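# Summary of the model geometry
Listed below, chain by chain, are the residues.
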Amino acid sequence: MISRDVVLGNLEKYNLDGAKIGVLASHSALDTCEGAVTEGFRTVAVCQKGRDAAFSRYFRAQREADGSIRRGVVDDTIMLDKFSDIMRPEIQQDIMSRNALFVPNRSFTSYNPIDAVENDFAVPMVGSRNLLRSEERGEERDYYWLLEQAGMPFPKKVDKPEDIDGLTIIKVHHKVKKLERGFFTAKDYDQFVQKSEELIAQDVLEPDFLKHARMEQYIIGPVFNLDFFYDPLEEKGENVELLGIDWRFESSLDGYVRLPAKQQVELEEDGIIPEYTVCGHNSATMRESLLDKAFELAEKYVAATKKFYDPGIIGPFCLQTCIDKDLKFHIYDVAPRIGGGTNVHMSVGHPYGNTLWRTNMSSGRRLSKMVREAIEQERVDEIVT
């Protein structure tokens with residue numbers, strides 16, 4: 001891990017009165033930028049050529065002579081040939097020369113090796129740098145390990161295909177779409193063999209996909225991605241906040257399940273199996289009798305991160321859950337940073353965050369609110385790693 005002295009030494013060179021919020025221009029960057037602008041910051045989006053139009057053109061900020069925002073949310077862009085170029089020393093220096101505090105998202109750790117994120121990225125990062133590794137499934141101390149240490153519920157693991165004795169989801173990366181999912185389900189070993197052979201033939205799976213697969217019980221129930229926030233600076237209210245809840249649209253799964261059951265069976269007989277590529281999100285609320293259980297999960301997660309990943313979670317995190325027929329939570333994924341579905345709440349805020357803060361409070365705005373308070377209280381070193 002990069003020396004904390006190096007990161008704080010770079011932070012000391014910042015003019016925090018002119019601090020900006022920086023982010024890789026993908027995933028949840030619009031939410032991050034919108035929240036920053038709402039809290040009075042200017043923004044820096046680090047873009048990749050060829051997929052930058054939303055940030056460099058369509059949501060580009062326009063300001064009046066007095067600096068007030070007229071439209072848009074992206075003030076500055078840094079254009080790269082590829083996202084991994086952000087690790088080049090001169091690019092990092094460019095970010096820091098703009099006084100940009102960097103907000104990590106999943107794209108940042110997907111397009112850059114986690115070793116480089118931990119050891120080579122010297123830009124002060126808002127959030128928990130060391131926790132980002134826990135999102136890499138298969139690591140010794142990944143989020144499944146952390147959930148187990150915390151005594152939190154997650155789907156039962158299936159060790160080998162021969163052990164499948166009920167509906168099981170096989171989690172693996174897509175062969176061609178490297179950052180997407182090649183997930184599929186199977187009810188027994190024979191179906192596992194049949195489906196995996198079909199997906200290998202369709203170039204969805206690598207022939208040796210099982211080496212990197214996670215197999216677990218498939219929980220039948222609705223999906224609730226719980227968008228939480230932990231503010232280590234808060235001294236009057238609770239440090240843990242539920243800002244909102246989202247759920248995802250997956251292609252081609254969502255189109256598949258809208259067909260009549262007979263046609264679904266016919267498609268499967270033809271070897272056409274739905275894919276689980278996330279392509280959008282929507283907002284949700286949850287019955288209030290479940291809220292206490294949700295907060296209990298969040299508190300356990302925060303405590304476990306403090307114990308095993310000092311200093312623990314800072315800022316936004318997402319517990320991705322299913323709720324079964326007995327109204328019990330099962331955590332199937334954890335995001336130790338801003339979640340992928342928070343854009344559904346940008347500008348208008350999250351239902352729960354709005355209720356708590358009595359104004360429009362999105363994840364992006366809540367993050368920048370913490371940064372603003374840290375600057376005012378001269379405590380920025382407590383929220384960067």
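Read on for a plain summary of the structure. (Residues numbered from 1 in each chain as written. Predicted model: local features only at pLDDT ≥ 70, side-chain atom pairs only at ≥ 80, totals over all residues. Heavy atoms only, no water.)

## Considering the packing of helix 7 (residues 143-150) against helix 11 (residues 291-308)
- One can describe the packing of helix 7 onto helix 11 by two numbers: an axis separation of 9 Å at closest approach and a directional angle of 110°. Taken as axis vectors, helix 7 and helix 11 run roughly perpendicular relative to one another. Taken together, the residues of helix 11 that come into contact with helix 7 (itself represented by Trp145, Leu146, Gln149 and Ala150) are Lys300, Tyr301, Ala304, Thr305 and Phe308.
- Looking at side-chain class alone, the contact of helix 7 with helix 11 contains 6 nonpolar, 2 polar and 1 charged residues. (Axes fitted to C-alpha atoms, helices over the stretch in contact; angles between N-to-C directions. Helix = DSSP H or I, 4+ residues; strand = E, 2+ residues; numbered from the N terminus. Parallel < 35°, antiparallel > 145°, perpendicular 65-115°, else oblique. Contact = heavy atoms within 4.5 Å. Nonpolar A, V, L, I, M, F, W, Y, C, P; charged D, E, K, R; others polar.)

## With respect to the packing of helix 2 (residues 29-38) against helix 13 (residues 363-376)
- Close contact between helix 2 and helix 13 brings their axes to 7 Å; oriented N to C, the two are set at 50°. Between helix 2 and helix 13, the crossing angle belongs to the class labelled oblique. Once helix 2 is placed against helix 13, the crossing between them reads as right-handed. Contacts from Asp31, Thr32, Gly35, Ala36 and Thr38 of helix 2 reach helix 13 at Ser363, Gly364, Arg365 and Ser368. (Left-handed = near helix turned anticlockwise from the far one by under 90°.)

## Some thoughts on the sheet that holds strand 7 (residues 168-171)
- Across the sheet, which stays open at both edges, the 3 strands sit in the order 8-7-9 with antiparallel pairing between neighbours. Strands at the two margins of the open sheet, each flanked by one partner only, are strand 8 (184-186) and strand 9 (214-217). Across the sheet, the mean angle from the axis of one strand to that of its neighbour is 30°, orientation sign disregarded.
- Pairing analysis gives 4 bridges linking strand 7 to strand 9, with the strands arranged antiparallel. Among the inter-strand pairings, Ile170 is bridged to a residue of strand 9, identified as Met215.
- Taken strand by strand, helix 8 (residues 189-201) contacts strand 7, strand 8 and strand 9, and its axis lies near 155° from that of strand 8. (Pairing = 2+ DSSP bridges.)

## Overview of the pattern of salt bridges
- In this structure the tally under the stated criterion is 32 salt bridges.
- Residue Arg98 pairs with Asp94 through a salt bridge whose shortest N-O separation is 2.8 Å.
- On the basis of relative accessible area, Asp94 is assigned to the partly exposed category, the value being 23%.
- Here Asp326 ties to Lys325 by a salt bridge, and the two come within 3.3 Å at their closest N and O atoms.
- Given the relative accessible area of 46%, Asp326 is considered partly exposed.
- Among the residues examined, Lys325 registers a relative accessible area of 74% and is labelled exposed. (Salt bridge = Lys/Arg side-chain N within 4 Å of Asp/Glu carboxyl O. Buried < 20%, exposed > 50% of the residue type's maximum accessible area, 1.4 Å probe, protein only.)

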